[in-house]
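Inside the fold
Letter by letter, the chains look like this.
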Amino acid sequence: MTLERLLHTQGFGTRKECRTLVRQGRVTIGGRACGDPYAEFEPAGLQFTVDGEHWVYRDKVYLALNKPSGYECSRNPLHHPSVFSLLPPQLVRRGVQPVGRLDEDTTGLLLFTDDGQFIHALTSPRRGIAKVYEVTARHPVSDALITALIAGVRLRDDPGPVAAAACSKTGEHTLRLTLSGGRYHQVKRMIAAAGNRVEALHRVAVGSYALPDWLPAKGWVWLEASEVMRSRGA
Ligand code: URA
């Protein structure tokens, strides 16, 4: 693949912009500046720098963001900054999308990718991929609340009861809730339907991938798709 095209696929701009980057000597391969935009390289695993920043060629990208509160999961946010503003512009330009959405005030694990099949697999109701949330509730967490969430609660737009895949009390006002569905505001509506109220919501896992506890809010890491899809609904 030519260097110009390679940079274009990785989100470094239009073909013309990528040509200019190369001609300006801002791109290195294997530690050496390469000034020829039409030089051919085998892309798999290729390491390069642009303006001194290190990159590895990736056919598809997968990453995990520790979403802070106060960011909207939209490219055109209405009231708050966009989660896309927390990612390098190259990744946004190559078309990464969040896998599902978190509310503006929800924190924690948000996956991004430009792999449409991966998004479909993770969000398809048929696959029932598990999502784990830590909930802080306004009122004390009672045994009756846990029992109701496991048995299933009625949500207005659902014909049958909606049940947690797992639920346990973790403190006086906290619980851990695992859902296999992804309905709109599902955690907040389920907790409200069971007679309590969500004060804070933090997602800690999706599928087999758990948010690393060392990753600060606003931080992100590269992933492999297999880290999330290790086993069905894990
Ligand atoms: N359920 C909610 O209510 N909000 C979220 O952000 C995610 C799940």
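Note that this is a predicted model, so its numbers are computed, not measured.

Some points on the packing of aromatic side chains
Across all of its chains, the model carries 5 aromatic pairs by this definition. Considering the side-chain rings of Phe-84 and Phe-112, the 5.8 Å spacing of their centres and the 70 degrees angle between planes classify their relative orientation as edge-to-face. Remark: Phe-112 occurs in strand 7 (residues 107–113) and Phe-84 occurs in the loop between strand 5 (62–67) and helix 3 (89–93); sequence separation between them is 28 residues. Here the two residues Phe-84 and Phe-112 agree in accessibility, since each one is buried. Measuring from centroid to centroid gives 5.0 Å for Trp-220 and Trp-222, while their planes differ by 90 degrees, and the two rings are edge-to-face. Residue class for Trp-222 comes out partly exposed when judged on its relative accessible area of 30%. Ring-pair connections join several aromatic residues into one group, and the members of that group are Phe-12, Phe-48 and Trp-55. Its guanidinium or amino end placed over the ring of Trp-222, Arg-58 lies 3.8 Å from that ring's centre, counting from NZ or CZ. A cation over a ring is seen here: Arg-75 above Phe-84, with NZ or CZ 4.3 Å from the ring centre.

Re the domain arrangement of the protein
Here the protein is partitioned into domain 1 (3–56), domain 2 (62–125 + 208–231) and domain 3 (131–206). Once you take the C-alpha centre of each, domain 1 and domain 3 turn out to be 48 Å apart.

A short note on helix 5 (residues 143–151)
Of all the positions in helix 5, only Leu-145, Ile-146 and Leu-149 are classed as buried. Viewed end-on, helix 5 has its buried residues packed into an arc of 95 degrees, placing them on one side of the element. Turned more than 90 degrees off the buried face of helix 5, the exposed positions are Asp-143, Ala-144, Thr-147 and Ala-151. Tucked inside the fold, the buried residues of helix 5 contact strand 9 (166–169), strand 10 (174–179) and helix 6 (186–193).

A few points about the nonpolar core
Counting residues in hydrophobic clusters, the biggest one holds 35 residues, and the most contacted among them are Phe-112, Val-135, Leu-175, Leu-177 and Val-187. For this core, the elements supplying multiple residues, two or more each, are strand 5, helix 3, strand 7, strand 8 (131–137), helix 5, strand 10, helix 6 and strand 11 (198–206). Taken domain by domain, the makeup of this core includes at least three residues from each of domain 2 (62–125 + 208–231) and domain 3 (131–206). Residues contacting Val-135, with those up to four places away along its chain left out, are His-173, Thr-174, Leu-175, Leu-177, Val-187, Ile-191, Val-198, Ala-200 and Leu-201. Core analysis: the second largest hydrophobic core is formed by 16 residues, Leu-7, Val-27, Cys-34 and Leu-46 among them.

What about the sheet that holds strand 1 (residues 27–29)?
Read from one edge to the other, the open sheet built from 4 strands follows the order 2-1-3-4, with strand pairing classed as antiparallel. Two strands lie at the open edges of the sheet, namely strand 2 (32–33) and strand 4 (53–56), each paired on one side alone. Where strand 1 meets strand 3 (residues 47–50), 3 bridges bridge the pair, whose relative direction is antiparallel. Counterpart to Ile-29 in the pairing with strand 3 is Phe-48.

Scoring rules and cut-offs
Residues numbered from 1 in each chain as written. Predicted model: local features only at pLDDT ≥ 70, side-chain atom pairs only at ≥ 80, totals over all residues. Heavy atoms only, no water. Phe/Tyr/Trp six-rings, centres within 6.5 Å; stacked < 30°, edge-to-face > 60°. Helix = DSSP H or I, 4+ residues; strand = E, 2+ residues; numbered from the N terminus. Buried < 20%, exposed > 50% of the residue type's maximum accessible area, 1.4 Å probe, protein only. Lys NZ or Arg CZ within 6 Å of the ring centre and 35° of its normal. Domains from an automatic or database assignment. Arc of directions from axis to C-beta. Contact = heavy atoms within 4.5 Å. Core = buried A, V, L, I, M, F, W, Y, C linked by side-chain atoms within 4.5 Å. Pairing = 2+ DSSP bridges.

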